Amino acid sequence: MKLIPCPTPQSIKITNEYLWLQPLYAVPVRITCDVTCGSQSDEFLPCFSLTRAEWGSPNCDALSWYLSPHRSDFTFRTKLFGHFPTVRLAGPGFQPIVGQKFTVVCEIYATHATYFIRASSAPHYVNLSPYATATYADGDVPKSGYFGFAKFGNENITVENIVVEPICATKRSFFIHPSVGVARMGNSPDSFIGPETPGVDANWDDTAGRFKSFRDAQGRILRQGARFRVFEYFWNAATQTWGDPKEVSLGADVVDIQWRVHLANRKASFFVFDGLNGVDGPDEFDEPNGKDSYVKRATIPANKQIKSDPDRTNLRNADVPPGDRAAKLEIDPGEKVISARQGGSLEVSNTNSNIPIRSLGTLKIDDKGRLVVLGGYGQTVTTGKQPEFEMQEYASNDKWFDDASDGPVKARVVLKDGTSVDAEAAWVMVGPPDYAPAIGNVVSLYDTVLDVAVRHLPAGPPLGLTGTALKVNQMQTAWAANKSLKGYKPSFLQDIYPLLKRAFGARDVHVSGVALDPSR
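The numbers attached to residues start from 1 for each chain and follow its sequence in the written order. Confidence filtering applies because this is a predicted model: local features only for residues at pLDDT of at least 70, side-chain atom pairs given and counted only at 80 or more, and all residues used for totals across whole chains, interfaces and linings. As a rule here, side-chain values cover all heavy atoms of the structure and leave hydrogens and water aside.

Student: Would you mind showing me how to read the overall build of the protein chain here?
Tutor: The secondary structure content of the protein chain amounts to six helices and 34 strands. Considering the protein chain as a whole, with its 520 residues, one finds that 41% of them fall into the buried category. Residue pairs at least 24 apart in sequence account for 64% of intrachain contacts in the protein chain once pairs closer than 6 positions are excluded. When the 55 basic and 57 acidic side-chain charges of the protein chain are each reduced to a single mean position, those positions are 2 Å apart. Segments assigned H or I by DSSP are reported as helices when at least four residues long, segments assigned E as strands when at least two residues long, and all are numbered from the N terminus. With a 1.4 Å probe rolled over the protein chains alone, any residue whose accessible area is under 20% of its type maximum counts as buried; one over 50% counts as exposed, and the rest are partly exposed. Should any heavy atoms of two residues lie within 4.5 Å, those residues are considered in contact. When charges are counted, neither His nor the chain ends are considered; positive counts come from Lys and Arg and negative counts from Asp and Glu. Charge positions are represented by NZ for Lys, CZ for Arg, CG for Asp and CD for Glu.

This is how it looks when you write it as structure tokens:
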């Protein structure tokens, strides 16, 4: 063991011994540093410990976290390397590139820790995005301790700009809601706001007891807007809880909300769509462990046939060479900025003259400074000659383009004192009109998310849980014990009736009127 001089040098080298900073810190605490791995075999193992005991010692108490150029299976561990807490990755596994600097931040609390990364080699982590979160029992990690760096073998790692700081008891945090918004196309310049409250349909007139018109005075289809708001949350590190959120509006100490939206349509340069096989289905490109098959497909030729009826190659428009694909096949007007203080609207006009699509939609600010994203106008065009390039199926038609889009939604909250805070980003998706808004999918998105949560997320303690949170916890507990819901008592009104209602409603858009004749 070697103690790092105090004050901490700007740069240290991890080689063949444990290194420890000398100051003692109490949780909650944050460490930030820049890291460069010098060889492929390096293993970066920061840790937080009171005993500073090395691996193999009976009194190991360190929380450690791990990165290596030769592995992407990151994990936290307690007792140095001894125990595995519950860990959730927020994105794809990250492998540092030898010789390329990256930044890491770890925030440690009494019962959880979060790892953040900034790395130019990994676009998913360019902005200190959350990488992983570990949860553990109170007492598994020391309440106070020293920061240090363990070693696994002979390392060649440079660590620079180490900063250790306490985390304030409360901090201001801003989040955009919804985290995923859905806008829809329409050929009218006018619009309505999409659904915002569970159980309440969009464009519904409660007084009249019916939907308002989905068309304008000329019969054109209204666009559905996705409305985004910023909420402020207060995190209390002492109680490890969030306070009640409050919507942010102009006034008091907030002088502006700068909204940033980046809509794009890159379908024509992407892989051919092959149903669920494009995600993690059982096709010849799928990895044994269920890894995204697009990762595998990126290694095969663009013109390799992957499906038939009709025949389709690995990439759409495979005849366009790699260097020309962005210019000839992608609609990307770039990030657009609109200010809540200035208000107004902004058209997301297509700037690519090779593709005759007019716009991907409109950004608007409502009277309370909220952002409304309106989709495109339902425009579909081809740059090919017909009938050679007539549409052959619902997707992946070469030389065809439309004004669907999606992309990130960001917000910067500008405060009265001149500082600003970036809210956690959201996402917007633009799809086609919902021609039967009162009829839901038989299996809803909520059902899908619930299924994933029950099957793959651990059940926490049920103390204080009520309503939906308690129901999910009970289902998770049953699934963990039986790999089934044996022992869980469903509610007919909440769990069964909605499914039956949606199934019966689907008849109205999937069968002929003859089949609905009550006399048959």
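Student: How do you make sense of the side chain of Glu232 when you look at a structure like this?
Tutor: Relative to the assigned elements, Glu232 resides in strand S20 (residues 223-236). Once you skip the residues sitting within four places of it in the chain, Glu232 turns out to touch Arg172, Ser173, Phe174, Asp244, Pro245, Lys246 and Val248.

Student: What should I look at first to understand the packing of aromatic side chains in this one?
Tutor: Describing an aromatic ring pair means giving the distance of the ring centres and the angle of the ring planes. Between rings of Phe, Tyr and Trp, where Trp is taken as its six-membered ring, a pair exists when centres lie within 6.5 Å; planes separated by under 30 degrees are stacked, by over 60 edge-to-face, and by other angles tilted. Inspection of every chain in the model, using the stated rule, returns 17 aromatic pairs. Counting every residue linked through ring pairs, the aromatic cluster contains Tyr25, Phe48, Trp65, Phe76, Phe94, Phe102, Tyr115, Tyr131 and Phe147. Only Lys NZ and Arg CZ are tested; either one counts as a charge over a ring when it is within 6 Å of the ring centre and within 35 degrees of the ring normal. Over the ring of Tyr146 we find Arg52, and its NZ or CZ is 3.9 Å from the ring centre. Geometry around Tyr377 places Arg358 over its ring, the cationic atom sitting 4.4 Å from the centre.

Student: Explanation requested: the pattern of salt bridges in the structure shown.
Tutor: Oppositely charged side chains are able to pair whenever their charged atoms sit close together. The term salt bridge refers to a side-chain nitrogen of Lys or Arg lying within 4 Å of a carboxyl oxygen of Asp or Glu. A full pass over the atoms with the stated rule returns 22 salt bridges. A salt bridge links Glu196 to Arg227; its shortest N-O distance comes to 2.7 Å. Taken together, the positions of Glu196 in the loop between strand S17 (191-193) and strand S18 (204-205) and Arg227 in strand S20 put the pair 31 residues apart, joining distant regions of the chain. Look at the salt bridges and you will find they share partners, linking Glu196, Arg227, Arg229, Glu247, Asp366 and Arg370 into a network.

Student: Please clarify how helix H4 (residues 467-482) should be interpreted in this entry.
Tutor: Counting along an α-helix, one turn takes 3.6 residues, and residues three or four places apart therefore face a common direction. Multiplying 1.5 Å by the residue count of a helix minus one yields the expected span of that helix. With 16 residues, H4 ought to run about 22 Å at 1.5 Å a step, and its terminal C-alpha atoms sit 23 Å apart, in line with that. Those residues of H4 that sit buried are Lys471, Val472, Asn473, Met475, Gln476, Ala478 and Trp479. On its buried face, H4 is in contact with helix H3 (445-456) and helix H5 (492-505). Downstream of H4 by one or two residues, Lys483 has phi in the positive range, about 55°.

Student: I keep staring at the packing of H3 against H4 and nothing clicks. Help me out?
Tutor: Packed helices, taken two at a time, are described by the angle between their axes plus the distance between the axes. The convention used is that axes are lines fitted to C-alpha atoms, helices contributing only their stretch in contact, and that angles between N-to-C directions extend from 0 to 180 degrees. At a closest axis distance of 8 Å, the pairing of H3 and H4 adopts a crossing angle of 50°. Taken together, the axes of H3 and H4 are oblique relative to one another. Seen from above, H3 lies across H4 with right-handed handedness. Contacts from Tyr446, Leu450, Ala453, Val454 and Arg455 of H3 reach H4 at Thr468, Lys471, Val472, Met475, Gln476 and Trp479. Its residues assigned to classes, the contact of H3 with H4 comprises seven nonpolar, two polar and two charged. We call two directions roughly parallel when the angle between them is under 35 degrees, roughly antiparallel when it is over 145, roughly perpendicular when it lies between 65 and 115, and oblique otherwise. In a left-handed crossing the near helix is turned counterclockwise from the far helix by less than a right angle, and in a right-handed crossing that turn is clockwise. Side-chain classes are defined by residue name, with Ala, Val, Leu, Ile, Met, Phe, Trp, Tyr, Cys and Pro counting as nonpolar, Asp, Glu, Lys and Arg as charged, and the others, Gly among them, as polar.

Student: Please clarify how the confidence of the model for the protein chain should be interpreted in this entry.
Tutor: Segments scoring low in pLDDT should not have their predicted coordinates read at a detailed level. By definition, pLDDT measures how confident the predictor is in each residue, and it falls between 0 and 100. Of all residues in the protein chain, 90% have pLDDT values of 70 or greater, and the mean over the chain is 87. Below pLDDT 50 for its whole length, residues 280-290 participates in 17 contacts with residues either more than four positions away or in separate chains.

Student: What is the right way to look at the nonpolar core in this model?
Tutor: Generally speaking, nonpolar side chains in soluble globular proteins are found buried as a group. Membership of the largest hydrophobic core comes to 39 residues, with the highest contact counts inside it found for Phe44, Trp65, Phe76, Ile108, Tyr115 and Phe149. Where this core is concerned, the elements lending two or more residues are strand S2 (11-14), strand S5 (29-37), strand S7 (63-65), strand S10 (102-108), strand S11 (112-118), strand S12 (129-135), strand S13 (144-150) and strand S14 (157-166). Ranked by residues supplied to this core, first place goes to S5 with five residues. Listed in part, the 38 residues of the second largest apolar core include Val230, Val248, Ala340 and Ala411. Remark: nonpolar core denotes a set of buried residues (Ala, Val, Leu, Ile, Met, Phe, Trp, Tyr, Cys) joined through side-chain atoms within 4.5 Å.

Student: How should unusual backbone geometry be read in this particular structure?
Tutor: Where the residue is not glycine, phi is negative for most of them; where a peptide bond is considered, it is trans in most cases. The amide bond that connects Cys6 to the next residue, Pro7, takes the cis arrangement and shows omega of 5°. Turning to its location among the elements, Pro7 is positioned in the loop between strand S1 (2-3) and S2. Residues other than glycine seldom take positive phi values, yet Asp309 does so here, at roughly 55°. With respect to the helices and strands, the residue Asp309 is situated in the loop between strand S24 (305-307) and strand S25 (312-313).

Student: I would appreciate a short explanation of the environment of Asp201 in the present structure.
Tutor: Mapping Asp201 onto the fold places it in the loop between S17 and S18. Separated by 198 residues in the primary sequence, Asp201 and Leu3 have C-alpha atoms spaced 63 Å apart. The contact partners of Asp201, leaving out residues within four places of it in the chain, are Phe211, Pro437 and Ala438.

Student: Got a minute to help me understand H3 in this structure?
Tutor: Given a rise of 1.5 Å per residue, 12 residues ought to cover 16 Å, and the 16 Å separating the end C-alpha atoms of H3 matches this to within 8%. When we look at burial in H3, the residues that qualify are Leu450, Ala453 and Val454. Mapping the buried residues of H3 onto a view down its axis gives an arc of 95°, with all of them on the same face. In this structure, H3 carries Leu445 and His456 as exposed residues pointing more than 90 degrees from its buried face. Turning to H3, the residues buried within the fold contact H4. An arc is given here, and it is the one of the directions from the helix axis to the C-beta atoms.

Student: Please explain the environment of Leu500 as it appears in this structure.
Tutor: Its place among the elements puts Leu500 in helix H5. Distance from Leu500 to Asp402, taken between C-alpha atoms, is 35 Å for residues 98 residues apart in sequence.

Student: Which parts of the structure should I look at to understand the state of the cysteines?
Tutor: Two cysteines, two sulfur atoms, one covalent bond between them: this is a disulfide. Criterion for a disulfide: a pair of cysteine sulfur atoms within 2.5 Å. A complete count under the given rule lists zero disulfides for this structure. Free cysteine: Cys37, not disulfide-bonded; nearest cysteine sulfur from Cys33 at 11 Å. For Cys37, a relative accessible area of 1% translates into the label buried. Not engaged in a disulfide, the cysteine Cys47 finds its nearest cysteine sulfur in Cys60; these two sulfurs lie 9.5 Å apart.

Student: What exactly am I supposed to notice about the environment of Cys47 here?
Tutor: Position of Cys47 relative to the elements: it lies in strand S6 (residues 45-49). Using a relative accessible area of 0% as the deciding quantity, one classes Cys47 as buried. Along the chain, Cys47 and Val35 lie 12 residues apart, while their C-alpha atoms are 14 Å from each other. Excluding residues within four positions of it along the chain, Cys47 makes contact with Trp20, Ala62, Leu63, Ser64, Trp65, Leu80, Tyr146, Phe147, Gly148, Phe149 and Ala150.

Student: Help me understand a nonpolar patch on the surface in this model?
Tutor: Two distance rules govern patches: like charges are joined within 9 Å, and nonpolar side chains (Val, Leu, Ile, Met, Phe, Trp, Tyr) within 5 Å, applied only to residues with over 30% relative accessible area and no salt bridge. The accessible surface values rely on the Shrake-Rupley method and a 1.4 Å probe; as for residues, cover is taken only from the protein chains in view. A cluster of nonpolar side chains, namely Phe492, Leu493, Ile496, Tyr497, Leu500 and Phe504, defines an oily patch on the protein surface of about 620 Å² accessible area. Within the secondary structure, Tyr497 sits in helix H5. For Tyr497, a relative accessible area of 39% gives the class partly exposed.

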